[in-house]
Amino acid sequence: MTGRPHRVIVVGAGLAGLVAATELACAGTDVLVLEARDRVGGRVHGIPVAPRVCADAGAAYLGVRHTELLALLAAHGLGTAPTEMAGDSVFTVTDRRMVRASRVPPLRAVALGELFDRLEDLVEEVCAEAPWHGRDAQRMDRTTVAQWACEQLTHPDAHTFFPLFLGEMMAADPAAISVLHMAFYLRSGGGIRYLNAFEGGAQQWRVDGGAQRLCESLAAPLADRLRLRHPVRAVHQGPDGVAVHCDSPHGPVRHRADAVVMAVPPLLAQAVDYRPALAAPRATAVTGRGCAVKVHLIYPAPLWREHGLSGWSVSARGPLLSTVDDSPADGSVGVLTGFVTGAEATTFSALSPDRQRAEVIDQVRRTFPQLPPPRDCLVTDWVAAEYSRGCYAALFGPGDWLRLGPTLRAPHGRVHWAGTETSPQFFGLMEGAIRSGRRVADELLDRTSRAAPEFAPAATGIGSGVTS
């Protein structure tokens, strides 16, 4: 396809799709957005926890390096709220509960130092713009993180902490992802220290009122161009355009356009019927779902603060591997957010809702014995989410980067790709989704002034670090 398209269909109304649709519409393109869910936002999802208070059941946190997200919030009149971390932390990573005035777990410093030294070495090796071009990329891509940990980590405390760290950072099971994917993810997000930090890091703020507000604000001008409950089943191209076949509340529907933007996770994109067929897959048999379940425990107020606690906890036993205080800035309600990640999330997802809540409340009772029972326990299961297939992002298994990486952004005729998994900067984060939406809009509008090098072939084996 040459020249600017007159009509574009955007599949997926998450951040990437909404940003792409907005940019295209502002440039005069006739845009139609098709979304499978009954809401916008995708892996951004707000759930009501009290009158006029929503919690982030999906993507939530941002930091100063997330410049595109911060600019978009400002443009839509939205602000940020600091992630509250004042007070002591609770740890159950050994055989007893411990309270410390630090986020550092009560494990051997030499073991944690060994772990992070090994991780930093890996991060330095990977090429952020084209991970498959690194000097040791083939070996790193065929090795699972679990295999690497067995070979490289010598202290039991490092083995205890590592899956907790990986779950927090990537919602990943070490046995399911490649070393190359882990190293790339950590580098893409700004490095281990930035990703892992609250103050001055990637978890410094939340969107005031919830990230869903941004998605709803982006969607408002597109209201007459947006179709909810329209899951796309097929994309068929011809010499005169492309036909998108989808379901609707009233039966099957076909829409025609000059081009299509697929702004959905790789596993969902792979399930669509393309004609002509894809020359390269979007996902393989070892591409995994981000293993995350988010739990919100609701209290009349942030009661843990009265006991000198921050709400931050880390547990090696689960189901909640960590908790954090996500209460609104005015303290009108207490919101303790728990994360079930990695292999624990897969096990937890298979439980009945009653069993899930019972296990969570029992753990919280042991972790925070000073607190009364929560007045509500809300579970958002991303492992089982039909139109996400995991969260925070897709997990690339052994061999995936070498097979999928070179074509993640390459158009398939009239089909173009967006989504956080197509961004080499801040892969898996809201910032990555926004950058991908803008990149694909520039691609379709043939604009190059703002386009940054993303997943471009590398001339050397080592890429530069991501700093903004």
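Conventions used here
Residues numbered from 1 in each chain as written. Predicted model: local features only at pLDDT ≥ 70, side-chain atom pairs only at ≥ 80, totals over all residues. Heavy atoms only, no water. Domains from an automatic or database assignment. Phe/Tyr/Trp six-rings, centres within 6.5 Å; stacked < 30°, edge-to-face > 60°. Helix = DSSP H or I, 4+ residues; strand = E, 2+ residues; numbered from the N terminus. Buried < 20%, exposed > 50% of the residue type's maximum accessible area, 1.4 Å probe, protein only. Lys NZ or Arg CZ within 6 Å of the ring centre and 35° of its normal. Expected span 1.5 Å × (residues − 1). UniProt positions renumbered as here; feature names shortened; annotations may be inferred. Contact = heavy atoms within 4.5 Å. Polar contact = N/O pair within 3.5 Å; in protein donor to acceptor, adjacent residues only side chain to side chain. Pairing = 2+ DSSP bridges. Axes fitted to C-alpha atoms, helices over the stretch in contact; angles between N-to-C directions. pLDDT = per-residue confidence, 0-100. Salt bridge = Lys/Arg side-chain N within 4 Å of Asp/Glu carboxyl O.

## Quick word on the domain arrangement of the protein chain
So, step 1. Domain annotation of the protein chain identifies domain 1 (7-44 + 211-280 + 410-445) and domain 2 (80-103 + 202-207 + 291-381).
So, step 2. Using C-alpha coordinates to define each centre, domain 1 is positioned 34 Å away from domain 2.

## Topic: the packing of aromatic side chains
So, step 1. Applying the stated criterion across every chain, the model contains 14 aromatic pairs.
So, step 2. Here the aromatic rings of Phe116 and Phe165 are separated by 5.3 Å at their centres, their planes lie at 90 degrees, and the arrangement is edge-to-face. With Phe116 in helix H3 (residues 109-125) and Phe165 in helix H6 (residues 156-170), this pair connects stretches of sequence that are 49 residues apart.
So, step 3. Owing to a relative accessible area of 22%, Phe116 belongs among the partly exposed residues under this scheme.
So, step 4. Seen from the ring of Tyr194, Arg65 lies directly overhead, with NZ or CZ sitting 4.2 Å from the centre.
So, step 5. The ring of Trp417 carries the charged tip of Arg282 above its face, separated from the ring centre by 3.8 Å.

## Focus on helix H14 (residues 430-445)
Because an α-helix completes one turn every 3.6 residues, residues spaced three or four positions apart along the sequence face the same direction.
So, step 1. Taking 1.5 Å as the rise per residue, H14 with 16 residues should run 22 Å; its terminal C-alpha atoms sit 23 Å apart, in good agreement.
So, step 2. Burial runs high along H14: 15 of the 16 residues are buried.
So, step 3. Residue Asp446 follows H14 closely and has a positive phi angle near 60 degrees.

## Remarks on the UniProt feature "binding site: FAD" (unreviewed entry) in the protein chain
So, step 1. In this structure's numbering, the residues bearing the UniProt feature "binding site: FAD" (unreviewed entry) are Glu35, Ala36, Val232 and Glu421.
So, step 2. Residue position: Glu35 is located in the loop between strand E2 (30-34) and strand E3 (46-50).
So, step 3. Every residue in contact with Glu35, bar those within four places of it in the chain, is listed here: Gly12, Ala13, Gly14, Arg227, Leu228, Arg229, His230 and Pro231.
So, step 4. A distance of 2.7 Å separates the side chain of Glu35 from the backbone nitrogen of Ala13, its partner in a polar contact.
So, step 5. Relative to the helices and strands, Ala36 resides in the loop between E2 and E3.
So, step 6. Among the residues examined, Ala36 registers a relative accessible area of 18% and is labelled buried.
So, step 7. Those residues in contact with Ala36 that lie beyond four places of it in its chain are Arg229, His230, Pro231 and Tyr387.

## Things to note about the sheet that holds strand E12 (residues 241-246)
So, step 1. Spatially, E13-E12-E11-E15 is the arrangement adopted by the 4 strands of the open sheet, whose pairing is mixed. Each of the sheet's edge strands pairs with one partner strand only, and the pair in question is strand E13 (253-257) and strand E15 (273-275). Neighbour to neighbour, the strand axes of the sheet diverge by 15 degrees on average, direction disregarded.
So, step 2. Strand direction decides the pairing type here: strand E11 (residues 232-238) and E15, joined by 3 bridges, are parallel. Looking at the pairing, His236 lines up with Arg275 of E15.

## Quick word on the UniProt feature "domain: Amine oxidase" (unreviewed entry) in the protein chain
So, step 1. In this numbering, the UniProt entry assigns the feature "domain: Amine oxidase" (unreviewed entry) to residues 15-445.
So, step 2. Along residues 15-445, the helical share is 32% and the strand share 22%, with 19 Å between the first and last C-alpha atoms.

## Focus: the side chain of His230
So, step 1. Considering the arrangement of structural elements, one finds His230 in the loop between strand E10 (226-227) and E11.
So, step 2. A polar atom in the side chain of His230 sits 2.7 Å from the backbone oxygen of Leu228.
So, step 3. Discounting chain neighbours no more than four positions away, the residues touching His230 are Leu34, Glu35, Ala36, Cys246, Asp247, Ser248, Pro249 and His255.

## Concerning the confidence of the model for the protein chain
So, step 1. In this model, the protein chain carries an average pLDDT of 93, and 95% of its residues clear a pLDDT of 70 or more.
So, step 2. Across residues 448-468 the pLDDT falls below 50, and counting only partners more than four positions away or on other chains, this stretch makes 61 contacts in the model.

## Observations regarding the side chain of Ser436
So, step 1. Looking at where Ser436 falls in the secondary structure, it is placed in helix H14.
So, step 2. Exposure remark for Ser436: the relative accessible area of 0% places this residue in the buried category.
So, step 3. Setting aside anything within four residues of it in sequence, one finds Ser436 in contact with Ala16, Ala418, Gly419, Thr420 and Thr422.

## Digging into the pairing of strand E18 (residues 322-325)
Within a regular strand, the side chains alternate between the two sheet faces.
So, step 1. Side-chain alternation along E18 places Ser322 and Val324 on one buried face and Thr323 and Asp325 on a second face that is also buried.
So, step 2. The pairing of strand E17 (residues 309-315) with E18 spans 2 bridges and is classified as antiparallel. In the strand pairing of E18, Val314 is matched with Ser322.
So, step 3. Where E17 folds back onto E18 in an antiparallel hairpin, the turn is made up of 6 residues, including Gly318, whose phi is positive at roughly 75 degrees.

## What to know about unusual backbone geometry
So, step 1. With an omega of -5 degrees, the peptide bond running from Arg275 to Pro276 counts as cis.
So, step 2. Topologically, Pro276 is positioned in the loop between E15 and strand E16 (292-299).
So, step 3. In this structure, Tyr392 follows Cys391 across a cis peptide bond, with omega equal to 25 degrees.
So, step 4. Structurally, the position occupied by Tyr392 is in the loop between strand E20 (376-381) and helix H13 (400-404).
So, step 5. The phi angle at Arg52 is positive, at roughly 65 degrees, despite the residue not being glycine.
So, step 6. Using a relative accessible area of 84% as the deciding quantity, one classes Arg52 as exposed.

## Thoughts on the pattern of salt bridges
So, step 1. Across all of its chains, the model carries 18 salt bridges by this definition.
So, step 2. The partner of Arg43 in a salt bridge is Glu421, and the shortest N-O contact between them spans 2.8 Å. Of this pair, Arg43 sits in the loop between E2 and E3 while Glu421 sits in the loop between strand E21 (415-417) and H14, and the two are 378 residues apart along the sequence. Take Arg43 and Glu421: they sit in the same class, and that class is buried.
So, step 3. Linking Arg118 and Glu114 is a salt bridge whose minimum nitrogen-to-oxygen distance equals 4.0 Å. Residue Arg118 and its partner Glu114 are both found in helix H3; the two are separated by 4 residues, about one turn of the helix.
So, step 4. A residue is classified by how much of its surface remains accessible, and Arg118, at 30% relative accessible area, is partly exposed.
So, step 5. A cluster of three or more residues bridged by salt bridges with shared partners is formed by Glu23, Glu68 and Arg438.

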